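Coordinate analysis (summary)
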Amino acid sequence: MDVTKSSVALAWSRPKDDGGSAITGYFVEYKVVSTESWSRHETKITSTMFTLPGLTPDKEIATLNLAKHTNFLLLHESFDSPEELVMIYDFISGGDIFERLSTAEFELNEREIVNYIRQICSALEFLHAQSYGHFDIRPENIVYTTRTSSNVKIIELGQSRHLTPGDQIKVQYTTAEYAAPEIHQCDMVSTVTDMWSVGVLAYVLLSGLNPFTAETNQQMIDNISNAAYSYDDESFMQFSVEALDFTDRLMTKDRKHRMTAAEALAHPWLTKPVEEISTRAIPTGRHKRYYQTMVRKEWSTVVSAARVKLPEVCMRLVFSQIAEPGKSLTVAGVFSGDPAPCIQWVRSGRTLPNGDERYHVENTADLSTLVISAVKEDDAGAYTLRLNNELGSDSATVNIHIRSM
């Protein structure tokens, strides 16, 4: 193997066993450093040598070098070696806004939320002007600079992508409500995809509620896809009309009607004189419960959404419950493909169920479900759903974590 800054030359030996039919070619798969999923290079290789061109530095580092804005975490230097990647950032000592809620000196009110949201929109306006999307705006990725400061920085850019018209990109998400309908529907994304996340974040901070809550993950995704939410809860009665109008103009299904970051910064809610914004304390009991629910989801939601034009396969993975020893766990992949794709669940290079009666796979026209019964600690790991048809293939990987007892 010969590696340069922009390419890698690979060579391998032909398999000793061809399985009974002649080998007609090979495929090379690659993985972006900041993601969990593998993608197949479009070239079909007929020899046992191939040079993969067009390599670029880690995308997160490239974006961090570009994101020179007061509300992004500043990357001072990065050092790469075959063993590790070292990145030197600004020092920040504050937590995210939900962590701040547990401190006695912090009081949540509409004025604090306006200041918080304004800074996020300012950072996104800067990023979007460079034709980049962030695609991972959620509370954990926004941190106060100190324990007492009102200034925040976006600290995570691992999902950011340069947006070139016509490109096909994959977006992973962890918390479903912050992923816009176009991500769940495997549709085209743009800079306003980030603004959906800002709207959800504002709604959550005002109320302490998930706007799309439902009994199951699939029902919640349906609510997200239809932008089905309300302000029926009595907690919204204390907030300004401008606050509710702001979230309405962001949590809209049609991207064309969603505000851009620049438009959001010009919205009356964010431009209102600070002395006119309410400082009435917001009860935070529900915020803390929401945060605990979100933390628990981290055990079981490394979720992938793909929008792929060629091949004609599109997929997303969701969990149905938390993985705990002794209980059952369901992972479901919603997909589309024409012609209908062949489906495989794979773990550690082996196709499931692989003779293990605890694994059960069930497929319908657009849903593949893997059920693991009597979960064990050694069931933790990466599980990949692979699809292929005559037009090509696609895959999505989810990491299952088992909660220690």
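Thresholds, definitions, all that
- Residues numbered from 1 in each chain as written.
- Predicted model: local features only at pLDDT ≥ 70, side-chain atom pairs only at ≥ 80, totals over all residues.
- Heavy atoms only, no water.
- UniProt positions renumbered as here; feature names shortened; annotations may be inferred.
- Helix = DSSP H or I, 4+ residues; strand = E, 2+ residues; numbered from the N terminus.
- Buried < 20%, exposed > 50% of the residue type's maximum accessible area, 1.4 Å probe, protein only.
- Areas by Shrake-Rupley, 256 points an atom, 1.4 Å probe, with all protein chains shown as cover.
- Contact = heavy atoms within 4.5 Å.
- Pairing = 2+ DSSP bridges.
- Salt bridge = Lys/Arg side-chain N within 4 Å of Asp/Glu carboxyl O.
- Patch = residues over 30% accessible without salt bridge, like charges linked within 9 Å, V, L, I, M, F, W, Y side chains within 5 Å.
- pLDDT = per-residue confidence, 0-100.
- Axes fitted to C-alpha atoms, helices over the stretch in contact; angles between N-to-C directions.
- Parallel < 35°, antiparallel > 145°, perpendicular 65-115°, else oblique.
- Nonpolar A, V, L, I, M, F, W, Y, C, P; charged D, E, K, R; others polar.
- Core = buried A, V, L, I, M, F, W, Y, C linked by side-chain atoms within 4.5 Å.
- Arc of directions from axis to C-beta.
- Phe/Tyr/Trp six-rings, centres within 6.5 Å; stacked < 30°, edge-to-face > 60°.
- Lys NZ or Arg CZ within 6 Å of the ring centre and 35° of its normal.

Per an unreviewed UniProt entry, the protein chain carries the name Protein kinase domain-containing protein and comes from Seriola dumerili. Its UniProt record, at the heading Sequence similarities (unreviewed entry), says of the protein chain: "Belongs to the protein kinase superfamily. CAMK Ser/Thr protein kinase family."

1. Examining the overall build of the protein chain
Of the regular secondary structure elements, the protein chain holds 10 helices and 21 strands. Put simply, the protein chain has 405 residues, and 46% of those count as buried. Roughly 20,000 Å² of accessible area belongs to the protein chain as shown, and the carbon and sulfur atoms make up 51% of that amount.

2. Quick look at the environment of Glu 182
Within the secondary structure, Glu 182 is located in helix H4 (residues 181-184). When its relative accessible area of 2% is taken as the criterion, Glu 182 is described as buried. Taking the C-alpha atoms as reference points, Glu 182 and Asp 254, separated by 72 residues in sequence, lie 9.1 Å from one another. Setting aside anything within four residues of it in sequence, one finds Glu 182 in contact with Asp 187, Met 188, Val 189, Thr 193, Arg 255 and Arg 258.

3. Considerations on the pairing of strand S16 (residues 342-347)
Sheet analysis places S16 next to strand S20 (residues 381-389), joined by 5 bridges and oriented antiparallel. Within the sheet, the bridge partner assigned to Ile 343 lies in S20 and is Leu 387. Inspection of the sheet shows S16 paired to strand S17 (residues 350-351) by 2 bridges, in the antiparallel sense. Paired with Arg 347 across the two strands is Arg 350, which belongs to S17.

4. Here's the deal with the pattern of salt bridges
All chains considered together, the criterion is met by 9 salt bridges. Asp 136 is the salt-bridge partner of Arg 138, the closest N and O atoms lying 2.8 Å from each other. Grouping residues by exposure puts Arg 138 and Asp 136 together as buried. Here Asp 187 ties to Arg 255 by a salt bridge, and the two come within 3.9 Å at their closest N and O atoms. Of this pair, Asp 187 sits in the loop between H4 and helix H5 (192-207) while Arg 255 is found in the loop between helix H7 (241-248) and helix H8 (261-265), placing the two residues 68 residues apart along the sequence. Within the structure, one salt-bridge network assembled from shared partners comprises Asp 136, Arg 138 and Glu 140.

5. A closer look at a nonpolar patch on the surface
A cluster of nonpolar side chains, namely Phe 79, Val 86 and Ile 88, defines an oily patch on the protein surface of about 240 Å² accessible area. Inspection of the secondary structure puts Val 86 in strand S7 (residues 85-89).

6. What to know about the confidence of the model for the protein chain
Here the protein chain averages 81 in pLDDT, and 80% of its residues register 70 or above. When mean pLDDT is taken per element in the protein chain, helix H9 (residues 268-271) scores highest with 97 and strand S13 (residues 303-306) scores lowest with 36. Note that residues 298-321 has pLDDT below 50 and, in this model, 113 contacts with residues that lie over four places away or in other chains.

7. Examining the packing of helix H3 (residues 110-129) against H5
As a packed pair, H3 and H5 sit with axes 11 Å apart at the nearest point and diverge in direction by 170°. Taken together, H3 and H5 sit at an angle that is classed as roughly antiparallel. Residues Ile 113, Tyr 116, Ile 117, Ile 120, Cys 121, Leu 124 and His 128 of H3 pack against Asp 194, Met 195, Val 198, Leu 201, Ala 202, Leu 205 and Leu 206 of H5. Its residues assigned to classes, the contact of H3 with H5 comprises 12 nonpolar, 1 polar and 1 charged.

8. Considering the nonpolar core
Ranked by size, the top nonpolar core spans 66 residues in total, and within it Tyr 116, Ile 117, Ile 120, Val 198, Phe 246 and Trp 269 carry the most contacts. Ignoring anything within four residues of it in the chain, the contact list for Tyr 116 reads Ile 97, Pro 139, Ile 142, Tyr 144, Val 152, Leu 201 and Leu 205. Among the nonpolar cores identified, the runner-up in size contains 15 residues, and Phe 335, Leu 352, Val 375 and Leu 385 belong to it.

9. Some details on unusual backbone geometry
Here the residue pair Leu 352 and Pro 353 is connected by a cis peptide bond, since its omega of 15° sits within 30 degrees of zero. Despite not being glycine, Ala 227 has its phi angle at roughly 50°, a positive value. Structurally, Ala 227 is set in the loop between helix H6 (217-225) and H7. A residue is classified by how much of its surface remains accessible, and Ala 227, at 18% relative accessible area, is buried. Although it is not a glycine, Ala 374 sits at a positive phi angle of roughly 45°. The partly exposed category is assigned to Ala 374, whose relative accessible area is 39%.

10. Digging into the side chain of Lys 272
Of note, Lys 272 is situated in the loop between H9 and helix H10 (285-297). You can call Lys 272 buried: its relative accessible area is 16%. Apart from residues lying up to four places away in sequence, Lys 272 is in contact with Ser 240, Glu 242 and Ile 277.

11. Considerations on H6
Those residues of H6 that fall on the buried side of the exposure criterion are Met 220, Ile 221, Ile 224 and Ser 225. Considered in projection along H6, the buried side chains sweep an arc of 140° and stay on one side of the axis. Just beyond H6, the residue with positive phi is Ala 227, at close to 50°.

12. Concerning the packing of aromatic side chains
Per the counting criterion, the structure on display carries 13 aromatic pairs. Ring geometry for Phe 98 against Tyr 290: centres 5.8 Å apart, planes inclined by 35°, an arrangement best described as tilted. On the criterion of sequence distance, the pair formed by Phe 98 in helix H2 (residues 97-100) and Tyr 290 in helix H10 is long-range, its members being 192 residues apart. Its relative accessible area of 7% is what places Tyr 290 among the buried residues. Three or more aromatic residues link up through ring pairs in this structure, and these residues are Trp 196, Tyr 203, Phe 212, Tyr 229, Tyr 231, Phe 236 and Phe 239. Stacked on the ring of Tyr 144, the Lys or Arg Arg 100 has its end atom at 4.1 Å from the ring centre.

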